[in-house]
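Chain by chain, the residues run as shown.
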Amino acid sequence: MDAKPYRIENDQAFKLTDFKTRDKGGLSKGPDVREMLKGNIRQLAALQNKLYAHNKYGVLIILQAMDAAGKDSAIKHICSGLNPQGVVVTPFKQPSTEELDHDFLWRSHQHLPERGNIAIFNRSYYEDVLVVKVHDLLLDQNMPAELVDKHIWENRYRQIRDYERYMHENGIQVIKFFLHISKDKQAKRFLDRIDNPDKNWKFSAADLRERQFWGQYQQAYEEMIRQTATRHAPWYIIPSDHKWYARLLISDIIVRQIGYLPLEYPNLSDQEKSKLKDYRLQLEGELQDERPDS
C-alpha cells in the first residue's frame, strides 16, 4: 500500500477537507483484504520479536480522533498478534487532580515505551491542544495567569514538536494517526450504539455534547496537524468511514515504519558460540539418562 498520500509533514497549507473520509484506496472489503490484514499482523508480530530482542528502540503509536472513529477497534486488531509482554496500551481520559498539578506532558511521559517495547496511546498529550483549546480549559489546568496569553497555543505546539524531537533523538519512534471520520458516519455509529444492547455501554451523553462542537474540533485538529507534523514525527490522516480500510492502512504503516529501524537479533560472541556444542552435549546426555531402559 502507498502511504504517501496520507502522510503529512511540514505542510503549512494542510487542510482536512482535502482528505476524503470514505476513501478506500481502490480496494473493496473481502477475503483479499482480510488476508492482507492478517499478513500485516504476522509481520508486526515478527518485528515486535526483533524489536524486543534488539532492545535499543522504543515505538510510540498515537491515535487521535473524534468519538466513534474506530480507535478502540483499530487497537484491538493491531494488538491481536502481539506479545502482551512487550506492548502497553494507555487511554488518556479526563485528567486527575494530580495530573492537573503537573505540566501537560507529565502524565504522558510516564507511559513512554521502554526500549524494545511498543506503547499505544489512545488519545494523548494532544488532548491539551484539542479539548482544552475548544472548551477554554487552560485556567482549570492551574496554569499561571500571566502565561495564558495570546502565544499559549503557539508555545504548546512548539513544546510538542520539541518533545517529539526529544523522543526521536532518544530512540523512540513516534507514529501518529488521525482517524478522519465524517459527521454523518459518527451519527450512524452512535445510533448503532443506542440500538444494539451489546454496545449500549459505549454510548455516553457526553458524546452528543461534544458533537455540538464538531466545527471547532475540526479546526483544532487541522491546526494541530499543521503545526506538529514534522519529518521525524509525521501525521497520517486515516480515512475512517470504512473501519476495515482504516485498520488495514494503519497496520500497513506501522509495519513499514518499524521495518525501517535497523533491528537485528543479538549476536553471540565467538567464545559464547564455542560453548554451544558443549551445552548441547550436556543436554543430550541428560535426556539420555532420563530414558527408561528398553
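First, a word on what this report is: a plain description of the structure on this page.

Definitions and cut-offs
- Residues numbered from 1 in each chain as written.
- Predicted model: local features only at pLDDT ≥ 70, side-chain atom pairs only at ≥ 80, totals over all residues.
- Heavy atoms only, no water.
- Axes fitted to C-alpha atoms, helices over the stretch in contact; angles between N-to-C directions.
- Helix = DSSP H or I, 4+ residues; strand = E, 2+ residues; numbered from the N terminus.
- Parallel < 35°, antiparallel > 145°, perpendicular 65-115°, else oblique.
- Left-handed = near helix turned anticlockwise from the far one by under 90°.
- Contact = heavy atoms within 4.5 Å.
- Nonpolar A, V, L, I, M, F, W, Y, C, P; charged D, E, K, R; others polar.
- Expected span 1.5 Å × (residues − 1).
- Buried < 20%, exposed > 50% of the residue type's maximum accessible area, 1.4 Å probe, protein only.
- Arc of directions from axis to C-beta.
- Patch = residues over 30% accessible without salt bridge, like charges linked within 9 Å, V, L, I, M, F, W, Y side chains within 5 Å.
- Areas by Shrake-Rupley, 256 points an atom, 1.4 Å probe, with all protein chains shown as cover.
- Salt bridge = Lys/Arg side-chain N within 4 Å of Asp/Glu carboxyl O.
- Pairing = 2+ DSSP bridges.

### Focus: the packing of helix H6 (residues 152-169) against helix H9 (residues 214-228)
And then number 1: It is the contact of H6 with H9, at a shortest axis distance of 9 Å, that shows an interaxial angle of 50 degrees. Our classification of the angle between H6 and H9 gives oblique. Between H6 and H9 lies a crossing of right-handed hand. Across the interface between the two elements, Tyr157, Ile160, Arg161 and Glu164 of H6 pack against Glu223, Met224, Gln227 and Thr228 of H9.
And then number 2: Residues of the contact of H6 with H9, tallied by class, amount to three nonpolar, two polar and three charged.

### As for H6
And then number 1: With 18 residues, H6 ought to run about 26 Å at 1.5 Å a step, and its terminal C-alpha atoms sit 25 Å apart, in line with that.
And then number 2: Burial in H6 covers these residues: Ile152, Trp153, Arg156, Tyr157, Ile160, Tyr163, Glu164 and Met167. Projected down its long axis, H6 shows its buried positions confined to an angular sector of 140 degrees, all on one face. Exposed residues on H6 whose side chains face more than 90 degrees from its buried face are Glu154 and Glu169.
And then number 3: The inward-facing, buried residues of H6 contact strand S2 (58-65), helix H4 (106-109), helix H5 (131-134), strand S5 (172-180) and H9.
And then number 4: Of the residues trailing H6, Gly171 is marked for its positive phi of about 85 degrees.

### Details of the side chain of Ser182
And then number 1: Mapped onto the secondary structure, Ser182 falls in the loop between S5 and helix H7 (183-195).
And then number 2: Take Ser182: its relative accessible area is 18%, and that puts it in the buried class.
And then number 3: With sequence-adjacent residues up to four places away left out, Ser182 is seen in contact with Thr21, Trp214 and Asp241.

### A few points about a nonpolar patch on the surface
And then number 1: Where nonpolar side chains cluster on the molecular surface, the patch consists of Leu268, Leu276 and Tyr279 and spans about 280 Å² of accessible area.
And then number 2: Along the chain, the position of Leu276 falls in helix H11 (residues 270-290).
And then number 3: Under the relative-accessibility criterion, Leu276 is labelled partly exposed at 43%.

### Looking at the sheet that holds strand S4 (residues 118-122)
And then number 1: Taking strand neighbours across the sheet as the criterion, the six strands line up as S1-S6-S5-S2-S4-S3 in an open arrangement whose pairing is mixed. In this open sheet, the two strands that pair with only one neighbour each are strand S1 (7-8) and strand S3 (87-91).
And then number 2: Looking at chain direction, S5 and strand S6 (residues 235-239) are connected through five bridges and run parallel. In the sheet register, His180 faces S6, and the bridge partner there is Pro239.
And then number 3: On the sheet, H6 packs against S2 and S5 and is oriented at approximately 135 degrees with respect to S5.

Everything listed is a geometric property; what it means functionally is a separate question.
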